[in-house]
Amino acid sequence: MKFFVLGFLVFGSLSSSAQKKLTVYANKPVAEISPTMWGIFFEDINFGADGGLYAELVKNRSFEFTTPLMGWKEIKQQGNGRILVVNNGIESSGNQRYVQVTVDEGSYGISNEGFRGMGIQKNEQYNFSVLARKGHGDIKMHIELVNMAGKKIGEASLSNLSSQWKTSSVSFTTTDTATKGRLNVWLEGKGKVDLDMISLFPQNTWKNRTKGLRKDLVQFLADMKPGFIRFPGGCIVEGRDLSNRYQWKKTVGAVEDRKLIVNRWNTEFKHRLTPDYYQTFGLGFFEYFQLSEDLGAEPLPILNCGMACQYNSGEVVSINDMDPYIQDALDLVEFANGPASSQWGRLRADMGHSEPFHLKYLGIGNEQWDEQYIERYKEFEKVLQQKHPEIKLVAAAGPSPDGPRFDYAWKEFRKLNASLIDEHYYQAPEWFLKNVNRYDNYDRKGPKVFAGEYAAHSKTVTQFDNRNNWECALAEAAFMTGLERNADVVRMSSYAPLFAHVDAWQWTPDLIWFDNLRSYGTPNYYVQKLFATNKGTTAVPLLENGQPLSGSDSIYASSVIDKKRGEVIIKLVNTSSTSLPVTINIEGAKLSQKNAAVEQLYSGKMGVNSLDQPKAVYPVEQSLTIKEKTVALSLPPLSLTIIKVFAALTK
Ligand code: AHR
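Residues numbered from 1 in each chain as written. Predicted model: local features only at pLDDT ≥ 70, side-chain atom pairs only at ≥ 80, totals over all residues. Heavy atoms only, no water.

1. Considerations on the site of the ligand
Taken together, the residues surrounding the ligand are Phe41, Glu43, Gly234, Cys235, Trp265, Asn366, Glu367, His424, Tyr426, Glu453, Pro497 and Trp507. Within the side chain of Glu367, a nitrogen or oxygen atom sits 2.7 Å from an oxygen atom of the ligand. A distance of 2.7 Å is found between an oxygen atom of the ligand and a side-chain nitrogen or oxygen belonging to Glu453. Contact with the protein chains hides 96% of the accessible area of the ligand, taken as 280 Å² for the molecule alone. (Near = heavy atom within 4 Å. Polar contact = N/O pair within 3.5 Å; in protein donor to acceptor, adjacent residues only side chain to side chain. Areas by Shrake-Rupley, 256 points an atom, 1.4 Å probe, with all protein chains shown as cover.)

Shown next as structure tokens:
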């Protein structure tokens, strides 16, 4: 990354009359910044998990989709045969179906299209596995990866298939790259074979875990150093009705036993239909906890509270029948934190993690509203407070940032003295600018705020041109200075949604976009990253004429100190289309270096990143000379500037 001294920005080169004069009071703490201040909201929307973060390349590997052969097609090469979908009839099984392939002659088989194709990298190792049972005859299996033109770019053979169900695996190295490859499973000879759990993963996953997560996507998250990961959503928690709500217990244990369900986003938006969108739960609760641990983030699971999405059926479980839902919460605490001798702790240990995951937060319900929610929340609270007072519960304030439902939720949760309330706002950029002071007057003694889902939208959600442009990202940055100034009230926040596949999204804008091989962070991502990696430990005042900056001359600002690292960090957002000279006087700190480190993001309002231009809007690093205790620079038009000054901080 470029690092140079900005000669033209040093003190003295600006006209003093036009300068905005600011002062940071580094020894006047206003609030402790929660380590969970900036985090991640993960939901399996837009192919976020299957087809995204979860690196499985085979779609419908277990033939459990509602249409059993969705994603598969018959292939022949001077051969012939039949494919029969068979159900084992065991209703309690997570995996009832398999296919029986009969080969009459030659080469015959099935081919999988992947998730909008398979992304294959040249010279990489790929691991194929299949649960197979050989019937009569002599059958050999040969697999090949082909590119869009049908050219072979990798192959391997499996012999000695067992006459009992058995997983067989083989690894091979590819000879070429393909963005939209496919997998052919050829059966050669004459006879019958039963096939299930046909799977293909790259070896090169995050931390090289077998059947793990897509490395480039996790790296984006790791680079943010998030304070928490909220999972698994979102509306996915609720389901359109209770039958397709998220049930964590069905997402742990052996992968082949995890019963898939349709993804509720599959046909939610008529102009973005994704009928092949399912949740296989290969990425399940164990993996979410593990990911949180990998990234040093607090896990924040959200559980269904006995209510389906109120935008859909709004189905509720009767208040007298809440026990299984509450038991799920108790068992989850045991799964995460219990000893390996406990029932659920043992499962965690059997899955490879005997140490606890140190769960501290639990969300009850996603975007619920009205009396039926409060009633159900109270049932959870009663039991959890008694059995697990160490767990902080997160309550929901509904889908809007204001209005009768929002006010009602807050009134009720105030009475309950709730710990954290999850507020959501998907609004126009102007709303974010107008609401920078939103938390200035929140009750300091009431529940704390989790700004759990937010994003500036230039258009209505799902519109193709509702883009992750710089205007939206900059408005979010301005708003985030307000969150930081109010860090005593706002303890957690996360942009939403996180991921989107360019060929399979339902909702836009999103923080990180990808295709089968490539990925990029949006300008909004870099805003999040700059805040999260410059979190500090304590908010301190940054004032102009004794007042915080929240819009005067289109400048929004906040400041923190990092007591551990000896840093004063200033965040400045200029939303005007002209540059603006500022001087910042640093009070209450003995500076230890003559240079300040500056990171800036700027662009035109419509600036976006893309797969082809992933860094069109990207932080620029500079070094700035400090004169005396004053930093002087010119804020570029439409910019976010982070200034880091190194200092011995007085206690
Ligand atoms: O982030 C997308 C959706 O927005 C979430 O699933 C839901 O909670 C909200 O309505």
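Here the narrative resumes, following the displayed structure.
2. Things to note about the pattern of salt bridges
Under the criterion given, the structure shown has 34 salt bridges. For Asp503, the salt bridge goes to Lys180, with nearest N and O atoms at 2.8 Å. Placement of Asp503 in the loop between β21 (499–501) and β22 (512–514) and of Lys180 in strand β11 (residues 178–202) is noted, with a sequence separation of 323 residues between them. Judged by its relative accessible area of 31%, Lys180 is partly exposed. Arg209 is the partner of Asp294 in a salt bridge, and the nearest nitrogen-oxygen pair spans 2.8 Å. (Salt bridge = Lys/Arg side-chain N within 4 Å of Asp/Glu carboxyl O. Helix = DSSP H or I, 4+ residues; strand = E, 2+ residues; numbered from the N terminus. Buried < 20%, exposed > 50% of the residue type's maximum accessible area, 1.4 Å probe, protein only.)

3. A short note on the domain arrangement of the chain
Per the domain assignment, the segments making up the chain are domain 1 (2–33 + 537–649), domain 2 (40–55 + 215–532) and domain 3 (72–202). When each unit is reduced to the centre of its C-alpha atoms, the spacing between domain 2 and domain 3 is 36 Å. Taken together, the contacts link 18 residues of domain 2 with 19 residues of domain 3. Together domain 2 and domain 3 conceal approximately 1400 Å² of surface at their shared face, both sides included; 57% is due to carbon and sulfur atoms. Where domain 2 touches domain 3, the interface holds 2 salt bridges. On inspection of domain 2 and its partner domain 3, the count reaches 6 residue pairs in polar contact (both at pLDDT 80 or more). Here the residues of the side of domain 2 that touches domain 3 are counted per class, giving 6 nonpolar, 4 polar and 8 charged. (Domains from an automatic or database assignment. Contact = heavy atoms within 4.5 Å. Buried area = accessible area lost by both parts, 1.4 Å probe. Nonpolar A, V, L, I, M, F, W, Y, C, P; charged D, E, K, R; others polar.)

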